[in-house]
Amino acid sequence: MPIPHGDQGGRYDVVVVGGGPGGLAAAAAAVRAGCTVALVDAGPDLGGQYWRHRPGRLDRAPARTTFAVLAEAARSGAKHLAEHEVWTVGTDDRGFVVRAVNGSAERTLGAAAVVLATGAADRQLPFPGWELPGVFTAGGAQALHKGHGVRVGRRVVVAGTGPFLLPVAAGLAADGAHIVGVFEANATSGWLRRLPAVARNLGRVSEAAAYRAKLATSGARYRTGCAVVAAHGDTHVEAVTVARIDADWRVRPGTSRTVRCDALAVGWGFTPHIELALGLGCATRVDFDGSVVVDVGEDQATSVPGVYVAGEACGVGGAALAVAEGEIAGFAAAAALGHKATAEPDLAGRDRARLRAFAAAMHHVYPVRDGWRDWLEPQTLVCRCEEVPVRAVVESVHELGATDARSVKLLTRTGMGWCQGRICGYATSRLVALESGEPATELGLAHRPLAVPVPLGLLAGSPETREDP
Amino acid sequence: MRPTFAFDGRDLRFQPGQSVGAALVAAGVRSWRTTRRQGRPRGIFCGIGVCFDCLLTVDGRPNVRACMVPAREGMDVRSQDGGGHADPPR
């Protein structure tokens, strides 16, 4: 599609989308290889979610050495476009056109190659009361604390599954919150069956152990095989129901109890942001954790020539893996443009293999089981934006004959609101699969023509942008 | 002295670098939007720009994500009902 706006943001060898670990490593590598590089990021400062920090408090960011090195390399050699969200990547006769918005103003950047390092957000499951104010995603609670110095509550419950719950809880505790409990749905004994991956990644294991120790010091309890299955309150959360669950995540009868709190931080793994890659036509695959991710080759190249992906968007695996993948992607993009790599891609490749093995083990230890279906009530919202209850989704399957998430979306408006199914996409596809007996099709909800809502004037191709979305 | 913005007509202090949403949570404000259908309160959920639960009106522009917009001195921030265009809940 021809782009009417020209390249008022400039033209580059490589445009990197995302300023987190993967994007920073990609930008730094491409700069080192001699490319002209632009780095476009939604945040006010570099770092993404993992290295999110308060302005001027860089020295307190965790893993500051890696961040400082990469950020310095990216800052010195790449054009950094902050507070700009990329809403689409198109093509023209010279390559790619990256279109980014800040409010109602748009910048477009031309690129010979793009590296998409768009990251991920907490995967969510519906449960009664999850739409109450005071219920936060685990990443949201951490972002408020790390990026803004704000505590989400005084008495906080942390729940869900995955090792990410530990740094979230430890950070909130260090900030003075009373952590009432950390409730991990899975049994962590699963690690014992994955010892080879553990042995190759002792650094990752000791990181988790350090968070556990910090938590223990604060008096917080870490309980496995438990879940928050409901949140209660009138205008904000005042209590949650915690229950012991079995291996399929069904509530064990007689184990439910009410826990008073003023905030809940909850997350069930991560859902990668793959909209831009899907928009470009990149091939996808389903990863170990059930997420739809972009399929990449040895050099992080996608099925579309000139498009590379690094980090969570090609498989959730954490910051260290994203750095390795970003470095490989940055050098590969540069090499394809005729710039010779100056570093050792072998080293990053070995890191990547080791960290991917760990990520695969992690996904097997912390799966999401379907028993959460039994926590729901007919009026529990599946889609928060359009306020679609479970009842409507179930009816669309059993009374209207829908057998896939896309049909359910059209019949019920689930996933059609502001967030475009980013929050409810996983749960909707699982719910429809469970009700219909057909395999899950999350991809049907993952296709979004716009990665972020934009003013209508941009879609119309008008050079003048309007204020009203 | 810390900078302020107006929230529904009252002065609300913030720290430079905070988002509007973070400043509201810090001030003990849990919700600032009601939903279009059921009129239920919403505030920050994801905190990173994905869920669009934290919409409010900034300097007359409705449906702005509180978690993404940096707080600035003298901003006029207003809570928002329904679709943000002063229309009644459907």
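Figured I'd write up the structure that's included with this text. Note that the coordinates shown come from a computational prediction; the quantities given were computed from them, not determined experimentally. (Residues numbered from 1 in each chain as written. Chains lettered and ligands numbered in written order. Predicted model: local features only at pLDDT ≥ 70, side-chain atom pairs only at ≥ 80, totals over all residues.)

## Structural notes on the pairing of strand β2 (residues 37-40) of chain A
Residues and elements named next belong to chain A.
Alright, step 1. Along β2, one buried face is formed by Val37 and Leu39 and the opposite face, lined by Ala38 and Val40, is buried too.
Alright, step 2. Bridge analysis of strand β1 (residues 11-17) against β2 gives four bridges, and the strand direction is parallel. Bridge pairing in β2 links valine 16 to leucine 39.
Alright, step 3. Running through helix α1 (residues 21-32), the crossover from β1 to the neighbouring parallel element β2 is right-handed. (Buried ≥ 20, exposed ≤ 12 C-beta atoms within 10 Å, placed from the backbone. Helix = DSSP H or I, 4+ residues; strand = E, 2+ residues; numbered from the N terminus. Pairing = 2+ DSSP bridges. Right-handed = clockwise from strand over helix to strand, strands pointing away.)

## A closer look at the nonpolar core
Residues and elements named next belong to chain A.
Alright, step 1. Counting 187 residues, the largest nonpolar core has Val14, Val15, Val98, Ala169 and Leu264 as the members making the most contacts within it.
Alright, step 2. For this core, the element with the highest residue contribution is helix α8 (residues 319-336), accounting for 12 residues.
Alright, step 3. Leucine 264 has contacts with Gly134, Val135, Phe136, Val157, Ala159, Val228, Ala231, Val237 and Val240, leaving out every residue within four places of it along the chain. (Core = buried A, V, L, I, M, F, W, Y, C linked by C-beta atoms within 7 Å. Contact = placed C-beta atoms within 7 Å.)

## Looking at the environment of Ala6(B)
Residues and elements named next belong to chain B.
Alright, step 1. Tracing the chain through its elements places alanine 6 in strand β1 (residues 4-7).
Alright, step 2. Sequence separation between alanine 6 and glycine 21 is 15 residues, and the spatial gap between their C-alpha atoms is 13 Å.
Alright, step 3. The residues contacting alanine 6, other than those within four sequence positions of it, are Asp11, Met75, Asp76 and Val77.

## Side note on the pairing of strand β5 (residues 55-58) of chain B
Residues and elements named next belong to chain B.
Alright, step 1. Covered by surrounding structure in β5 are Leu55 and Thr57 together with Leu56 and Val58, the residues of both alternating faces.
Alright, step 2. Two strands pair when backbone bridges link them, and β5 and strand β6 (residues 61-65) are joined in this way by three bridges, in the antiparallel orientation. Bridge pairing links leucine 55 to arginine 65 in β6.
Alright, step 3. Hairpin connection from β5 to β6: two residues lie between these consecutive antiparallel strands, with aspartate 59 at a positive phi of about 50 degrees.

## Side note on the packing of α1(A) against α8(A)
Geometry of a packed helix pair, given as the angle between the helix axes and the separation of the axes.
Residue and element names in this part refer to chain A.
Alright, step 1. Remark: α1 packs on α8, axes separated minimally by 7 Å, with the N-to-C direction vectors making an angle of 30 degrees. The two elements α1 and α8 meet at a crossing, and its hand is right-handed. Along the contact surface, α1 presents Pro21, Gly22, Gly23, Leu24, Ala25, Ala26, Ala27, Ala28, Ala29 and Ala30, while α8 presents Ala319, Ala322, Val323, Glu325, Gly326, Glu327, Ala329, Gly330, Phe331, Ala333 and Ala334.
Alright, step 2. Looking at the contact of α1 with α8, its residues break down into 15 nonpolar, four polar and two charged. (Axes fitted to C-alpha atoms, helices over the stretch in contact; angles between N-to-C directions. Left-handed = near helix turned anticlockwise from the far one by under 90°. Nonpolar A, V, L, I, M, F, W, Y, C, P; charged D, E, K, R; others polar.)

## Some thoughts on the interface of chain B and chain A
Alright, step 1. With 30 residues of chain B at the interface, the matching set in chain A holds 31 residues.
Alright, step 2. Only α1 (20-26), β4 (41-42) and β6 of chain B provide two or more residues apiece to the side of chain B that touches chain A.
Alright, step 3. Considering every element that reaches the side of chain B that touches chain A, the biggest residue donor is α1(B), with three residues.
Alright, step 4. Of the residues that constitute the side of chain B that touches chain A, the class distribution is 13 nonpolar, 11 polar and six charged.

## A few points about helix α11 (residues 405-412) of chain A
Side chains three or four residues apart in an α-helix point the same way, a direct result of the helix having 3.6 residues per turn.
Alright, step 1. Of all the residues in α11(A), the buried ones are Ala405(A), Val408(A), Lys409(A) and Thr412(A). The buried residues of α11(A) occupy one face: seen down the axis, they fall within an arc of 105 degrees. (Arc of directions from axis to C-beta.)

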